[in-house]
Amino acid sequence: MLAAMPFAIKWLVTLLAFAALAAVPSSRADTGAGAVERVGSTRWSSDTLYRGAPAPRAPTHGLALTFAFFTDGGWTREQLHEAAASAAGVLAQCGVVVSAVEVAELRAPRRLQYFATPRARELVKAAPLPRPAVYFVADTLQQPAFEAEAIGRANSGTRPELADTVWITRGARHLPLVLAHELAHVLMDSGEHVAEPGNLMRQDTAPENTRLDPAQCARMRTVGEAHGLLTPLAGAKAGGTADERR
Ligand SMILES: [Zn+2]
């Protein structure tokens, strides 16, 4: 059953690709295929994100994020901005500064506003966005149903199109911490959870779980940089001195 899964998915994607190639105006209206449209773009600079939140004192890496939400999906720009600002404050402890958030407003068929691997593949194909990308969706159809899910490189084997994406449902509690937690999974390319009290990577997010230990931060910087998700900042001290790089 499990072994047959990737083939089933591949077959579905082939069908969808074929449908897109063969699309004629009338079938577009019938099937909703190709109906994903980017209808708005906003860019939040680090200035607006760190207003009132602690920016990293000696940042070593920059993180440029992409957010996607749906015109009629129930998420607001204000919610997303607040979450981004708070999550940026949490990631600051690792020397990571959120340099900008590119916000894409999408118009898409209702069925693509629910997270399930085949639908997510269809969505990212129809509206490709720079990674790491965070999709704010209505709900999940996956089993088990998580409030939020992160797909790194390590767990994207049969679905490489979804690597370095985060999917957050409207049911997510403690949104800023969920966002920081899922981004940490992607940047570290690790699904690992810890039991340590107060740690951001505890299985269940809670307002008091905000800390990342030095090893987690080191992994985030090293792996995030290796995967091209974090940009080393000029003049930063950590991760090798200028002398070592010469
Ligand atoms: Zn987790």
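Cut-offs and rules
Per chain, residue numbering runs from 1 following the sequence as it is written. In keeping with the model being predicted, local features are shown solely for residues with a pLDDT of at least 70 and side-chain atom pairs are shown and tallied solely at 80 or more, while totals for entire chains, interfaces and linings include all residues. Numbering of helices and strands starts at the N terminus; helices are DSSP runs of H or I of at least 4 residues and strands are runs of E of at least 2. The burial criterion counts other C-beta atoms lying within 10 Å of a residue's C-beta, which is placed from the backbone; the residue is buried at 20 or more, exposed at 12 or fewer, and partly exposed between these limits. By the criterion used throughout, residues are in contact when their C-beta atoms, derived from the backbone, lie within 7 Å. Expected helix span is given by 1.5 Å per residue-to-residue step, counting one fewer step than there are residues. Per-residue confidence from the prediction method is given by pLDDT, with values spanning 0 to 100. Lines fitted to C-alpha atoms define the axes, with helix axes restricted to the stretch in contact, and inter-axis angles between N-to-C directions lie between 0 and 180 degrees. Oblique is the label for any angle not covered by the other classes, which are roughly parallel (under 35 degrees), roughly antiparallel (over 145) and roughly perpendicular (65 to 115). In this scheme the crossing of two helices becomes right-handed for a clockwise turn of the near helix relative to the far one and left-handed for an anticlockwise turn of less than a right angle. Here the nonpolar group is Ala, Val, Leu, Ile, Met, Phe, Trp, Tyr, Cys and Pro; Asp, Glu, Lys and Arg are the charged ones; every other residue, Gly included, is treated as polar. Take the buried Ala, Val, Leu, Ile, Met, Phe, Trp, Tyr and Cys residues, join any whose C-beta atoms are within 7 Å, and the set you get is a nonpolar core. Within this analysis, the arc is defined by the directions that extend from the helix axis to the C-beta atoms.

The secondary structure content of the protein amounts to eight helices and nine strands. For the protein, with 246 residues in total, the buried portion stands at 34%. Pairs at least 24 apart in sequence give 75% of the contacts found in the protein among residues at least 6 apart.

Looking now at helix α4 (residues 77-91). The end-to-end C-alpha separation of α4 is 21 Å, in line with the 21 Å expected for 15 residues at 1.5 Å each. Looking only at α4, the buried set comprises Leu 80, Ala 83, Ala 84, Ala 87, Ala 88, Gly 89, Val 90 and Leu 91. Residues of α4 that are buried in the fold lie against β1 (37-45), α3 (46-49), β2 (61-70), β3 (96-107), β5 (133-136) and α6 (175-188).

Right, let's get into the confidence of the model for the protein. When the pLDDT values of the protein are averaged, the result is 85; 82% of them are 70 or greater. In this model, residues 1-32 is a region of pLDDT below 50 whose contacts with residues beyond four sequence positions or in other chains number 18 contacts. Across residues 238-246, confidence stays below pLDDT 50; counting only partners more than four residues off in sequence or on other chains, it has seven contacts.

In the segment running from Arg 131 into Pro 132, the intervening peptide bond is cis, with an omega of 0 degrees. The peptide bond linking Gln 143 to Pro 144 adopts the cis configuration, its omega dihedral lying at -5 degrees. Among the secondary structure elements, Pro 144 is positioned in the loop between β6 (139-140) and β7 (148-151). Residues other than glycine seldom take positive phi values, yet Asp 164 does so here, at roughly 65 degrees. Considering the arrangement of structural elements, one finds Asp 164 in the loop between β7 and β8 (165-168).

This part covers the packing of α4 against α6. Where α4 contacts α6, the axes come no closer than 8 Å and their chain directions differ by 55 degrees. In terms of orientation, α4 lies oblique with respect to α6. At the point where α4 passes α6, the crossing takes the right-handed sense. In this structure, α4 contributes Ala 83, Ser 86, Ala 87, Val 90 and Leu 91 to the contact, and α6 contributes Leu 175, Pro 176, Leu 177, Leu 179, Ala 180 and Leu 183. Among the residues making up the contact of α4 with α6, the classes are represented as ten nonpolar, one polar and no charged.

A few words on the environment of Val 166. Checked against the element boundaries, Val 166 lands in strand β8. Judged by the 24 C-beta atoms lying within 10 Å of it, Val 166 falls in the buried class. Measuring from C-alpha to C-alpha, the distance between Val 166 and His 185 comes to 9.2 Å, with 19 residues separating the pair along the chain.

Here we come to the nonpolar core. In this structure, Leu 91 and Phe 136 are the most contacted members of the largest nonpolar core, which totals 58 residues. Considering every element that reaches this core, the biggest residue donor is α6, with ten residues. Setting aside anything within four residues of it in sequence, one finds Leu 91 in contact with Leu 63, Val 96, Val 98, Ala 180 and Leu 183.

Its 13 residues give helix α7 (residues 214-226) an end-to-end C-alpha distance of 18 Å, which sits within 8% of 18 Å, the value for a rise of 1.5 Å per residue. Among all positions of α7, only Gln 216, Cys 217, Met 220, Arg 221 and Gly 224 are buried. The buried residues of α7 all sit within an arc of 135 degrees when viewed along its axis, so they share a single face. Of the exposed residues in α7, the ones pointing more than 90 degrees away from its buried face are Pro 214, Ala 215 and Ala 226. Tucked inside the fold, the buried residues of α7 contact β2, β3 and α6.

Take Phe 136: it is sitting in strand β5. Its 27 C-beta neighbours within 10 Å are what place Phe 136 among the buried residues. On a C-alpha basis, the gap between Phe 136 and Thr 76 in space is 9.8 Å, while along the polypeptide they are 60 residues apart. If we ignore the near neighbours within four places in the chain, the residues touching Phe 136 are Phe 67, Ala 68, Phe 69, Gly 73, Trp 75, Leu 80 and Ile 168.

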